[in-house]
Amino acid sequence: MKPYNQAAVLFCILQALSVPAIGSPLKQHPLHPHAPDKHPHTGLQQWVSAQDEYSQQHILANIAPFASDPQAMPGAICASPSRKHPDYYYSWTRDSALVMNEVINWLPAANLTFRQQLEERIEDYIGFTRHVQRLKGLKYGLGEAKFHMDGRPFKGNWCNAQTDGPALRARTLMKYARILQTTNKEQARNLFDQVVLPDLFYVQSMWMDPHNCDIWEESRGMHFYTLLAQQRALEEGAQMAETMDENWGFAEAAQQIASRLGQFWDQKSGYIVTTRNHTGGLMAKTSNLDAQVLLAILHHGSASQLGSHEMLATVAKLIRAFDRLYLVNQVQQTQINGHWVQLGVAMGRYPEDVYNGDGTSRGNPWSLITSSVAEYHYRLALELLTAAKAEHTAEFAQMVHWQHAWGLAEYLLAVGDRFMARVWLHTDGDHKMYEQWDRSTGFGRGAVHLTWSYTAHLAASRARHLLLEALSK
């Protein structure tokens, strides 16, 4: 994916959405045949706010220590409290880093008491990280995928190594270190030297490994998500090292990774594929079309990657694939707080998926992925407004009027809200979130109180809030 200016990003968006560049009314989005709701957020906002509060509470509830399990090590984050059918009561490196990244996002708005509570949880997480980084006898070193909640290594058969985990953890802790630099430079430097650097050195040495496992723990090869996570971690590591007058070659490794990312665009298929140089694991994913590409851009991508032609095409392919795959998608509208709203598509991992949440049969839609598609539309609209404000040039004026960009951003808000409404439809009335929804009945399946589901909702909600603020100015 080549970088280009903001005006080019806008032009890609307009082409992908089949919107006329000048003057005429908005056409219908080809993926969403109904006209967008005139006031899409009226019936949804109350639920979003309540779900935000519940999601925060249950993210914190999944971070040890626990009264119910005195053996759990402080700072260990369980993927879910579910211990059977399925057993997700482990601390995954990737999931934990994504969750702690979300917790760090809460710091700026937190009052003094809540901030102190959050900082205690973050410091516990740092302590847990120090512990697992120094465990002896780990076959896959820092690439071990998961640990018992008491800090013991998991010795069972599993898809290892997962080399995206250390990259995510490094990025999360560098984010916290940048906050610390404003108040305690010595503490920030110690965090970087003692905890972040081991992960960065690991990523630097392992990114070319063709046998690492993907984020679904099913396939071995070179994965788009993993490489993009590693690139961003090394880039940010190089930037932080520079502030400390250090140079460990992270920037050069990041550039090498960046040069490999273009190979994931499949011109014939018309989307970004998820894995190249497949070396083992699951063979059934013949399409190589996977929602983890979307997650990669949301978690690690740049603004230009978010709005690139390749990414827009990939999201379009994913939505079309899942629209016809799940029976629940035949329900296209619902009432929320007395307001009729259109529903977006319930989204799964990849079309050939057979994991049903507690075994294998047929795959289902996932809450976190559907929330992520909502987030994508909100962030795309924000990028559109940013581009429109920044590119008032003759070239830009020939492509789109400012008023038209504003209307398209409102349209993308409405489309994002459809996916948010889909999440509402399949989330329990008490706001409890599962990993999956049954593809036929729509009820929750698999792990309950999945921490990543709550995290994905909050990310989408935050992007939505920023978009509403931008549109109100």
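Reading the values: the criteria
Residues numbered from 1 in each chain as written. Predicted model: local features only at pLDDT ≥ 70, side-chain atom pairs only at ≥ 80, totals over all residues. Heavy atoms only, no water. Helix = DSSP H or I, 4+ residues; strand = E, 2+ residues; numbered from the N terminus. Expected span 1.5 Å × (residues − 1). Buried < 20%, exposed > 50% of the residue type's maximum accessible area, 1.4 Å probe, protein only. Phe/Tyr/Trp six-rings, centres within 6.5 Å; stacked < 30°, edge-to-face > 60°. Lys NZ or Arg CZ within 6 Å of the ring centre and 35° of its normal. Polar contact = N/O pair within 3.5 Å; in protein donor to acceptor, adjacent residues only side chain to side chain. Contact = heavy atoms within 4.5 Å. Disulfide = S-S within 2.5 Å. pLDDT = per-residue confidence, 0-100.

1. Thoughts on helix α7 (residues 224-243)
Right, so step 1: Along its 20 residues, α7 runs 29 Å from first to last C-alpha, staying within 8% of the 28 Å computed at 1.5 Å per residue.
Right, so step 2: Counting buried residues along α7, 15 of its 20 residues qualify, which places the element largely inside the surrounding structure.

2. As for the packing of aromatic side chains
Right, so step 1: Tallying each qualifying case throughout the model produces 16 aromatic pairs.
Right, so step 2: When the ring of Phe201 is compared with that of Phe250, the centres are 5.6 Å apart and the planes differ by 50 degrees; the resulting orientation is tilted. Taken together, the residues span a long stretch of sequence, with Phe201 in helix α6 (residues 185-206) and Phe250 in helix α8 (residues 250-261) at a distance of 49 residues.
Right, so step 3: With a relative accessible area of 1%, Phe250 lands in the buried category.
Right, so step 4: Among the aromatic residues, ring-to-ring pairing joins Tyr88, Tyr90, Trp92, Phe154 and Trp158 into one connected group.
Right, so step 5: Positioned above the aromatic ring of Tyr90 is the side chain of Lys146, whose terminal nitrogen or guanidinium carbon lies 3.9 Å from the ring centre.
Right, so step 6: Sitting above the plane of the Phe154 ring, Lys146 keeps its charged end 4.2 Å from the centroid.

3. A closer look at the side chain of Asn364
Right, so step 1: As for its placement among the helices and strands, Asn364 is situated in the loop between β8 (339-342) and α12 (367-390).
Right, so step 2: Polar side-chain contacts of Asn364 include one of 3.4 Å to the backbone oxygen of Asn356.
Right, so step 3: A distance of 3.0 Å separates a polar side-chain atom of Asn364 from the backbone nitrogen of Arg439.
Right, so step 4: With near-sequence residues (within four places) excluded, Asn364 lies in contact with Tyr326, Gly348, Tyr355, Asn356, Gln436, Trp437, Asp438, Arg439 and Arg445.

4. Notes on the state of the cysteines
Right, so step 1: Under the counting rule described, the total for this entry stands at 1 disulfide.
Right, so step 2: The disulfide that involves Cys159 links it to Cys213, with 2.0 Å between the sulfurs. Because the sign of the S-S torsion sets the handedness, a value of about -95 degrees for the bond joining Cys159 and Cys213 places this disulfide among the left-handed ones. Of this pair, Cys159 sits in the loop between β2 (146-147) and α5 (164-180) while Cys213 sits in the loop between α6 and β3 (219-223), placing them 54 residues apart in sequence.
Right, so step 3: Residue class for Cys159 comes out buried when judged on its relative accessible area of 13%.
Right, so step 4: The buried category is assigned to Cys213, whose relative accessible area is 0%.

5. Side note on the confidence of the model for the protein chain
Right, so step 1: When pLDDT is averaged along the protein chain, the result is 90, and 88% of the positions lie at 70 or above.
Right, so step 2: In this model, residues 1-9 is a region of pLDDT below 50 whose contacts with residues beyond four sequence positions or in other chains number 25 contacts.
Right, so step 3: Note on residues 14-39: pLDDT under 50 across the span, and 63 contacts to partners over four residues away in sequence or across chains.

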